[in-house]
Amino acid sequence: MTIPEALRAHALAAKGFMPPDEGDALYEAAVAASCGAPGLAMLEVGSYCGRSTVWLGAAARAAGTVLFAVDHHRGSEENQPGWEWHDPSDVDPRIGKMDTLPMFRATVHDAGLEDVVVAVVGQSPTVARVWSTPLSFLFIDGGHGVEPARLDYELWTPHIAVGGTLAIHDVFPNPADGGRPPYEQIFLPAIASGRFVETSATGSLRVLRRVAEH
Ligand code: SAH
Ligand code: MG
């Protein structure tokens, strides 16, 4: 299952951090997830300017469901001024804080995905604590610090239906390749819990299937 070429072009044109091969794998995993948990919604934590959102919105459309895209649009720690992954054009000069919501909206609009992508603008733990809609697919690519990653694991993964899928970005088992929290706070606990088994790996993307309720 591959993403329609026109949509893929929009994904590649969008600003962001999702490499093309990992985006294609994300699309494939999300479409496949809808077979394991038919009809249920998909959710992404960490949309930034909407790059991964295009692959996942396209998958939601193919699966006949919707994608919730959760982000406070104020940037992660590593996106702030002085950090490695900062882009000055992401800052709203009026308040001196990042605001990526306008770019996100432009990406989703231009890709023609406004009928399937629902932006949820807020802090991930705040949204997760009141969330009650079961998910066929959860993609975690939000804050990569220890506490944000731990909270995303703890608060979001219970919402994945058995048979559904958890995808995690920036998983680096080798410390030389990148930061630890997505691996140590999300991937390892998911496997250790016995609720998830790994089904594929592409670059730093890990795809896990939920096999048990507890
Ligand atoms: N998936 C994107 C990249 C996401 S970058 C792509 O394909 O390019 C990480 C994003 O997570 C940032 O936009 C940041 O604002 C968001 N984020 C980090 N911590 C968050 C939190 N606690 N709540 C909501 N969003 C958060
Ligand atoms: Mg990422």
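Look a little higher up for the structure.
Residues numbered from 1 in each chain as written. Chains lettered and ligands numbered in written order. Predicted model: local features only at pLDDT ≥ 70, side-chain atom pairs only at ≥ 80, totals over all residues. Heavy atoms only, no water.

K.L.:
Just give me the short version of the pairing of strand β6 (residues 135-140), but keep the residues and values in it.
P.N.:
Burial within β6 is extensive, with six of its six residues counted as buried. Two elements, strand β1 (residues 41-45) and β6, share five bridges in a ladder whose sense is parallel. Bridge assignment links Met-42 to a residue of β6, and that residue is Phe-137. Summarising the sheet, β6 and strand β7 (residues 160-168) pair through five bridges and their orientation is parallel. Opposite Phe-139, over in β7, you have Ala-167 as the bridge partner. In terms of handedness, the path from β6 via helix α6 (residues 146-156) over to β7 forms a crossover that is right-handed. (Buried < 20%, exposed > 50% of the residue type's maximum accessible area, 1.4 Å probe, protein only. Helix = DSSP H or I, 4+ residues; strand = E, 2+ residues; numbered from the N terminus. Pairing = 2+ DSSP bridges. Right-handed = clockwise from strand over helix to strand, strands pointing away.)

K.L.:
A description of the coordination of the magnesium ion (ligand 2) should follow, citing residues and the corresponding values.
P.N.:
Within the protein, Asp-141 (OD), His-169 (ND1) and Asp-170 (OD) serve as the donor atoms for the magnesium ion (ligand 2), at 2.1 to 2.2 Å. Sequence positions of the donors to the magnesium ion (ligand 2) reduce to the motif D-x27-H-D. Here His-169 and Asp-170 have matching classes, each one buried. (Donors = N, O, S within 2.8 Å, 3.2 Å for Na, K, Ca; no water.)

K.L.:
Provide a residue-level description of the packing of α6 against helix α7 (residues 181-192), including the pertinent values.
P.N.:
Interhelical geometry of α6 versus α7 gives an angle of 25° and a closest axis separation of 8 Å. Here α7 runs roughly parallel to α6, going by the angle between their axes. Note that α6 runs across α7; the crossing there is right-handed. Each of Val-146, Ala-149, Arg-150 and Tyr-153 in α6 lies in contact with α7, whose residues at this interface are Pro-181, Gln-185, Ile-186, Pro-189 and Ala-190. Of the residues belonging to the contact of α6 with α7, the class tally is seven nonpolar, one polar and one charged. (Axes fitted to C-alpha atoms, helices over the stretch in contact; angles between N-to-C directions. Parallel < 35°, antiparallel > 145°, perpendicular 65-115°, else oblique. Left-handed = near helix turned anticlockwise from the far one by under 90°. Contact = heavy atoms within 4.5 Å. Nonpolar A, V, L, I, M, F, W, Y, C, P; charged D, E, K, R; others polar.)

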